[in-house]
Amino acid sequence: MSTARKKKNIAVVAAVAVAAGALGLASYTATKPDDSGAEGSSASAAKGSDSAAPEAGVFPELEALARRDAKDPLAQGKADAPVVMIEFADFKCGFCGKFARDTEPDLVKKYVDNGTLRIEWRNFPIFGEDSERAARGAWAAGEQGRFWQFHGAAYADGAKEKGFGEGRLKELAREAGVKDVPRFLRDAESDAAKAAVKKDQDQGYKLGATSTPSFLINGRPIAGAQPQSVFEEAIEKAAESRAKGGKGGVGK
């Protein structure tokens, strides 16, 4: 390998490390693993990390993590949408549920439906076996094209307090409209489900995410159940940058 190429590879690795550190700092600042799920705690965490969200910078190395797979059942929005939001989340996380109920539906209506935004889910279970089971169940629902319906049922008010044992997963699958529940249960315990969840989880840890939810919007780290305006600003600036020919979000 030439000296120039070695230097380029080292520079890329260093850039990814810096970018990952930004996500880790934003994630830690915004929300520590806390299963209380209290609305007051969520609001406090969001308020406390405002300075880390839209001003944290944009990293092309993180933007490149978007998979843009048109057949990905854990994603919604056009594969070639100008903006991709990658979401690392846990079904046992109260902050994640707050985002799923209070913010995400409006972002879907405002940006996904008009082709501006694509949302790519990453399973990032951090609260133990219950979280792992829920993540595998979500993946299994996706195998039958019902991931987002399962996502909605699992994040409904009071859902996480019921746990995610096998019986509860069956209930959620039925609520989500999964047609073949026995297949769903087999899929949820399969090696393929475990490998898919581990792949997402390993990516999150490699990026330095320490809590949920953590987001990347065209390479911009945002952590916590932030006010809707934070996400809207990041999405619109990223879309504007892409329209002007930039590769990333703000400032590109």
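Here, every reference points to the structure presented above.
Rules of the game
Residues numbered from 1 in each chain as written. Predicted model: local features only at pLDDT ≥ 70, side-chain atom pairs only at ≥ 80, totals over all residues. Heavy atoms only, no water. Helix = DSSP H or I, 4+ residues; strand = E, 2+ residues; numbered from the N terminus. Buried < 20%, exposed > 50% of the residue type's maximum accessible area, 1.4 Å probe, protein only. Contact = heavy atoms within 4.5 Å. Areas by Shrake-Rupley, 256 points an atom, 1.4 Å probe, with all protein chains shown as cover. Core = buried A, V, L, I, M, F, W, Y, C linked by side-chain atoms within 4.5 Å. Pairing = 2+ DSSP bridges. Polar contact = N/O pair within 3.5 Å; in protein donor to acceptor, adjacent residues only side chain to side chain. Axes fitted to C-alpha atoms, helices over the stretch in contact; angles between N-to-C directions. Parallel < 35°, antiparallel > 145°, perpendicular 65-115°, else oblique. Left-handed = near helix turned anticlockwise from the far one by under 90°. Nonpolar A, V, L, I, M, F, W, Y, C, P; charged D, E, K, R; others polar.

Asks: Teacher, can you tell me more about the overall build of the protein here?
Replies: A tally of helices and strands in the protein yields 11 helices and 5 strands. Looking at the protein as a whole, 52% of its 252 residues qualify as buried. Here the contacts in the protein between residues at least 6 apart in sequence split such that 79% fall between residues at least 24 apart. As displayed, the protein offers around 11,200 Å² of accessible surface, 53% of which is attributable to carbon and sulfur atoms.

Asks: Whenever I open this one, the nonpolar core confuses me. Can you help?
Replies: Proteins that are soluble and globular tend to have nonpolar side chains buried together. Residues M85, F91 and F150 are the most contacted members of the largest nonpolar core, which totals 47 residues. Dropping the residues within four chain positions of it, F150 is found in contact with A134, G137, A138, A141, L169, L172, A173, A176 and F184. Listed in part, the 10 residues of the second largest apolar core include L62, A66, F124 and L207.

Asks: How should the pairing of strand 2 (residues 83-89) be read in this particular structure?
Replies: For strand 2, the buried fraction is high: 7 of the 7 residues fall into the buried class. Here strand 2 shows two buried faces, one formed by V83, M85, E87 and A89 and the other by V84, I86 and F88. Bridging between strand 2 and strand 3 (residues 117-123) involves 7 bridges; their strand directions are parallel. Considered in strand 3, the bridge of V84 is made with R118.

Asks: I would appreciate a short explanation of the side chain of R122 in the present structure.
Replies: Relative to the helices and strands, R122 resides in strand 3. Assessed through its relative accessible area of 0%, R122 is described here as buried. A polar side-chain atom of R122 sits 3.1 Å from a polar atom in the side chain of E120. Polar contacts involving the side chain of R122 include one to the side chain of Q203, which spans 3.1 Å. Not counting residues within four places of it along the chain, the set of residues in contact with R122 comprises L65, A66, R67, I86, E87, F88, A89, D200 and Q203.

Asks: Would you mind going over helix 4 (residues 94-102) with me for this structure?
Replies: The buried fraction of helix 4 is high, at 7 of 9 residues. Among the residues of helix 4, G94, F95, C96, G97, K98, F99 and A100 are the ones counted as buried.

Asks: In this structure, what is going on with the packing of helix 7 (residues 147-154) against helix 8 (residues 166-175)? I would like to understand it.
Replies: The description of two helices packed together rests on the angle between their axes and the distance between the axes. Running from N to C, helix 7 and helix 8 point in directions that differ by 120°, and their axes come no closer than 8 Å. Considering their axes alone, helix 7 and helix 8 lie oblique with respect to each other. For helix 7 against helix 8, the interelement crossing comes out right-handed. Listed contacts from helix 8 to F150, A153 and A154 of helix 7 are L169, L172, A173 and E175.

Asks: Looking at this structure, I do not really get the packing of helix 5 (residues 104-112) against helix 11 (residues 228-243). What am I missing?
Replies: It is the contact of helix 5 with helix 11, at a shortest axis distance of 11 Å, that shows an interaxial angle of 25°. The angle between helix 5 and helix 11 falls in the class roughly parallel. When you trace helix 5 past helix 11, the crossing you get is right-handed. Contacts between helix 5 and helix 11 involve D106, L107, K110 and Y111 on the former and, on the latter, Q228, F231, E232, I235 and E236. Partitioned by chemical class, the residues of the contact of helix 5 with helix 11 number 4 nonpolar, 1 polar and 4 charged.

Asks: Help me understand the environment of V108, please; the structure alone is not making it clear to me.
Replies: By secondary structure assignment, the location of V108 is in helix 5. A residue is classified by how much of its surface remains accessible, and V108, at 16% relative accessible area, is buried. Taking the C-alpha atoms as reference points, V108 and G77, separated by 31 residues in sequence, lie 8.5 Å from one another.

All quantities given are derived from atomic positions and should not be read as evidence of function.
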